[in-house]
Amino acid sequence: MASNGNGSMTMNGNGLAKIQTHKKHSNEICHDDSGPTVKAQTIAELHSLQKKRSAPTTPIEGTQTPFATLSEEERHRQQLKSISASLASLTRETGPKVVKGDPARKSETPRVSHEHHIAPTIVVTDSALKFTHVLYNLSPAELYEQAIKYEKGSFITSSGALATLSGAKTGRSPRDKRVVKDDDTENELWWGKGSPNIEMDEHTFMVNRERAVDYLNSLDKVYVNDQFLNWDPENKIKVRIVSARAYHSLFMHNMCIRPTPEELENFGTPDFTIYNAGQFPCNRYTHYMTSSTSIDLHLARREMVILGTQYAGEMKKGLFSVMHYLMPKRHILSLHSGCNIGKDGDVALFFGLSGTGKTTLSTDHNRYLIGDDEHCWSETGVSNIEGGCYAKCIDLSKEKEPDIFNAIRFGTVLENVVFDEHTRQVDYSDKSVTENTRAAYPIEYIPNALLPCVGPHPKNVILLACDAFGVLPPVSKLNLAQTMYHFISGYTALVAGTEDGIKEPQATFSACFGAAFIMLHPTKYAAMLAEKMQKHGATGWLVNTGWSGGSYGYGSRIKLPYTRKIIDAIHSGNLLNANYQKTEIFGLEIPTALEGVPSEILEPVNMWSDKKAYKETLLKLAGLFKKNFETFTNYKIGKDSKLTEEILAAGPIF
Ligand SMILES: Nc1ncnc2c1ncn2[C@@H]1O[C@H](COP(=O)(O)OP(=O)(O)O)[C@@H](O)[C@H]1O
Ligand SMILES: C=C(OP(=O)(O)O)C(=O)O
Ligand SMILES: [Ca+2]
Ligand SMILES: [Mn+2]
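An unreviewed UniProt entry lists the protein chain under the name phosphoenolpyruvate carboxykinase (ATP), with Lupinus angustifolius given as the organism. Comment text from UniProt for the protein chain, heading Subcellular location (unreviewed entry), reads "Cytoplasm". The protein chain has a UniProt comment under Pathway (unreviewed entry) that states "Carbohydrate biosynthesis; gluconeogenesis."

Colleague: I'd like to hear about the site of ligand 1, residue by residue, with values.
Modeller: In the vicinity of ligand 1 there are 16 residues, among which G355, K358, T360, K392 and I558 approach most closely. For ligand 1, a nitrogen atom lies 2.8 Å from a polar atom in the backbone of I558. Between T563 and ligand 1, the recorded distance is 2.9 Å, taken from a side-chain N or O atom to a nitrogen atom. Considering ligand 1 on its own, with 570 Å² of exposed area, one finds that the protein chains cover 89% of that surface. Of all elements in the fold, only α9 (358–362) and α13 (560–572) reach the threshold of two or more residues within the shell around ligand 1. The element contributing the most residues to the shell around ligand 1 is α9, with three residues. Grouping the constituent residues of the shell around ligand 1 by class yields three nonpolar, eight polar and five charged.

Colleague: Now, about the domain arrangement of the protein chain: what can you tell me, with residues and values included?
Modeller: As far as domains go, the protein chain holds domain 1 (72–135), domain 2 (167–330) and domain 3 (458–649). Here domain 2 and domain 3 have C-alpha centroids that lie 32 Å from each other. Taken together, the contact between domain 2 and domain 3 spans 23 residues of the former and 14 residues of the latter. The contact between domain 2 and domain 3 buries some 1,800 Å² in all, and 60% of this surface belongs to carbon and sulfur atoms.

Colleague: How would you explain the site of ligand 2 if you had to name every residue and give the values?
Modeller: Near ligand 2 there are 11 residues, and of these R172, K317, S354, K358 and R438 occur at the shortest range. Note that an oxygen atom of ligand 2 is positioned 3.4 Å from one of the side-chain N or O atoms of D373. Within the side chain of K392, a nitrogen or oxygen atom sits 3.2 Å from an oxygen atom of ligand 2. Contact with the protein chains hides 98% of the accessible area of ligand 2, taken as 290 Å² for the molecule alone. Broken down by secondary-structure element, the contributors of at least two residues to the shell around ligand 2 are α8 (313–329) and β19 (388–392). The residue inventory of the shell around ligand 2, partitioned by class, reads one nonpolar, three polar and seven charged.

Colleague: So what about the coordination of the calcium ion (ligand 3)? Which residues, and what values?
Modeller: With distances of 2.8 to 2.9 Å, the protein atoms coordinating the calcium ion (ligand 3) are K317 (NZ) and H336 (NE2). Metal-to-metal, the separation of the calcium ion (ligand 3) and the manganese ion (ligand 4) is 5.9 Å. Here the residue K317 occupies a position in helix α8, and H336 occupies one in strand β14 (residues 333–341), the gap between them amounting to 19 residues. Of the two residues, K317 and H336, neither departs from the other in class, the shared state being buried.

Colleague: Tell me about the pairing of strand β13 (residues 303–307), and please be specific about residues and values.
Modeller: Within β13, five of the five residues are buried, leaving the element largely enclosed by the surrounding structure. Examined bridge by bridge, strand β11 (residues 272–277) and β13 share five bridges and lie parallel to one another. The residue bridging I274 from the neighbouring strand is M304, located in β13. Pairing geometry for strand β12 (residues 294–298) and β13, over five bridges, is antiparallel. For I295, the partnering residue across the bridge sits in β13 and is I306. Between β12 and β13, which pair antiparallel and follow one another directly, the connecting turn spans four residues, one of which, R302, has a positive phi of 55°.

Colleague: Please give an account of the confidence of the model for the protein chain that cites residues and values.
Modeller: On average, residues of the protein chain score 89 in pLDDT, and 86% of them reach the 70 mark or higher. Below pLDDT 50 for its whole length, residues 1–13 participates in 18 contacts with residues either more than four positions away or in separate chains. Under a pLDDT of 50 for its full length, residues 56–67 has, in the predicted model, 17 contacts with residues more than four places off or in other chains. Scored as a complex, the prediction yields pTM 0.89 and ipTM 0.95.

Colleague: Explain the side chain of K317 to me, using residue names and the numbers behind them.
Modeller: The class for K317 is buried, based on a relative accessible area of 10%. The residues touching K317, leaving out its near neighbours within four places in the chain, are R172, H336, D373, E374 and F517.

What counts and how
- Along each chain, residue indices are assigned from 1 in the same order as the chain's sequence is written.
- Each chain takes a letter, starting from A, and each ligand takes a number, starting from 1, following the order in which they are written.
- Local features in this predicted model are restricted to residues of pLDDT 70 or higher, and side-chain atom pairs are both shown and tallied only at a pLDDT of 80 or more, whereas totals for entire chains, interfaces and linings draw on every residue.
- Side-chain descriptors were evaluated using all non-hydrogen atoms of the structure, hydrogens and water having been removed beforehand.
- UniProt positions are given in the numbering used here, feature names are shortened, and annotations may be inferred rather than shown by experiment.
- For each residue, the test is whether any non-hydrogen atom lies within 4 Å of the molecule or strand; if one does, the residue is near.
- Any pair of nitrogen or oxygen atoms within 3.5 Å is treated as a polar contact; in protein, a donor-acceptor pairing is required on top of that, and neighbouring residues in sequence qualify only through side-chain atoms on both sides.
- The accessible surface values rely on the Shrake-Rupley method and a 1.4 Å probe; as for residues, cover is taken only from the protein chains in view.
- Think of it this way: any DSSP run of H or I at least four residues long counts as a helix, any run of E at least two long counts as a strand, and we number them from the N terminus.
- Think of it as three bins: nonpolar holds Ala, Val, Leu, Ile, Met, Phe, Trp, Tyr, Cys and Pro, charged holds Asp, Glu, Lys and Arg, and polar takes everything else, Gly as well.
- Residue ranges for the domains trace back to a domain assignment, done automatically or taken from a database.
- Whether two residues are in contact is decided by their heavy atoms: any pair within 4.5 Å suffices.
- Two parts lose some accessible area (1.4 Å probe) when they are put together, and adding that loss for both gives the buried area.
- Sodium, potassium and calcium take a 3.2 Å donor cutoff, other metals 2.8 Å, and in both cases only N, O and S atoms count; water is not among them, so sites may look incomplete.
- Three exposure classes are used, based on accessible area relative to the maximum for each residue type with a 1.4 Å probe and protein chains only: buried under 20%, partly exposed in between, and exposed over 50%.
- One bridge is not enough; two strands pair if DSSP finds at least two bridges between them.
- Every residue is assigned a pLDDT by the predictor, reflecting its confidence on a scale from 0 to 100.

Quick look at the structure:
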């Protein structure tokens, strides 16, 4: 009988090996208790040793805020009071009783103490008797645990990302987005044809708010995120997001700017609050409701209510709408654009609708990323509104987009992707759940992100259009009037998925490349853009990231490496000095040659075998542009009426 050296075995009478547990030599390592023992008498004590309290729990020395003088206990009480106030509803005289911590972990959560709940003054209903546990600014690791434990469809993928399902809705629902029309917003906002602002009255908002808040209060626990928007320190907005899912909390953790522990200690009252009760529908008997989904914005109350959709992008883009209202009031232009900066400090903006390439092209290994989707342009330069990126994942590959691919790791939320049930390897080509698969990651997951995410005034303004007709040139240089014409038109062919219900590309015009998010009339933003571009000498470009050699279904999409070469030539300044020729109908200036790109693709007609079909398609698109622009012909843009005339003349002529 062999001995393994950890003890010795002998045969007993029954033929079974008898294990001798006594020590033969004192220096032999053979026992459970040979190592140092833990300093715990019970399993519970052992578990309590595992977690140490997060720093800082005491005020930072020298901070001159009112909070700095408060005790930790008092600050904690005020924080809960503020959250309780956020969750106040008519079923109670005050906000609910809120306690910090996971209800499932009562025994191990030292923060659940009776001093720390906010009690109502009058008990009106049973709901007033219950506690609502608040999971406040949890870390990604904590949110992973919550999601995996409580939310079906949550899994860790092989790269460490959290795979989640957004439920029945896998894209935004723009037709269900409503804005309260009151005496102020009636005059301030853009209403009517083409506007994204579908009206509702204050009373209906309150009905939906109450529904959302009561739903949230009925739960054992809610997630609360206190975060910031806008990297410009002068124009930072404090946002609070109350939600029912760890998925939503982690998504916003990634997408908004994350406060430092000190900033969180001194957060105070939020400037804007989202109530996300997306699992719960709106009541279709409620006035204005046309479906069971409603995303409601009340600017005066600084609140947004989400019912009937769990698609997390509603929160991100909902806050973007708010910025499109708040920032212009401060003479700051809000932009639906990506933004990056070169080593020499040259900033480029990438405007475009969903799927046109903002995220892909602003994430450029040779440049620093400022942001992929939402920016502000102020008197001092550009700033990102967000703290993260939201990339499309369909057909994502490590070879084609390494930076985005590598950002999909621990902490990243992966929406609606399909993966191998055993290896948890994601199949990015699988559209079984949706075409609009997405990854939300903190901006610092991109290796060359610029932190803080701010830069000087832009040098190039790139308008991206994914032209499904295949007639727009891959790149055109625009004069200011043309830039404004195309900015106001906001043309693209919507690529499947992001907006609910769209399955095939179709021509779309969306003013300012983001009509779904703007709050004021498009000409307000256009005038600001024109003024800023003029003042800072920025050049406008139109880049078609869509089809070549035929329309969708016949031609093919322009290869990403070619588009990247075009963008490189814009950044370097080389394209500015190229030879140009003018196209018919649209009157666009197109380069005759460009390094790294086959010259024949630069002029779309070359790529079409059927020249007659090309001409017909070109005229068809020109007609659509013309028809779309009719809405704007009666508006003056800025103070300069000459510019307005030039803009009107900068469209297709036929
Ligand atoms: N020539 C091209 N230029 C830009 N993107 C392209 C091109 N060809 C294919 N694509 C794909 O199109 C999608 C562009 O989407 P994305 O960058 O997320 O747009 P946005 O951020 O504007 O919504 C990506 O999936 C990208 O891989
Ligand atoms: C989140 C979105 O952004 P984009 O598709 O422009 O990246 C959206 O439009 O819903
Ligand atoms: Ca978009
Ligand atoms: Mn994007």
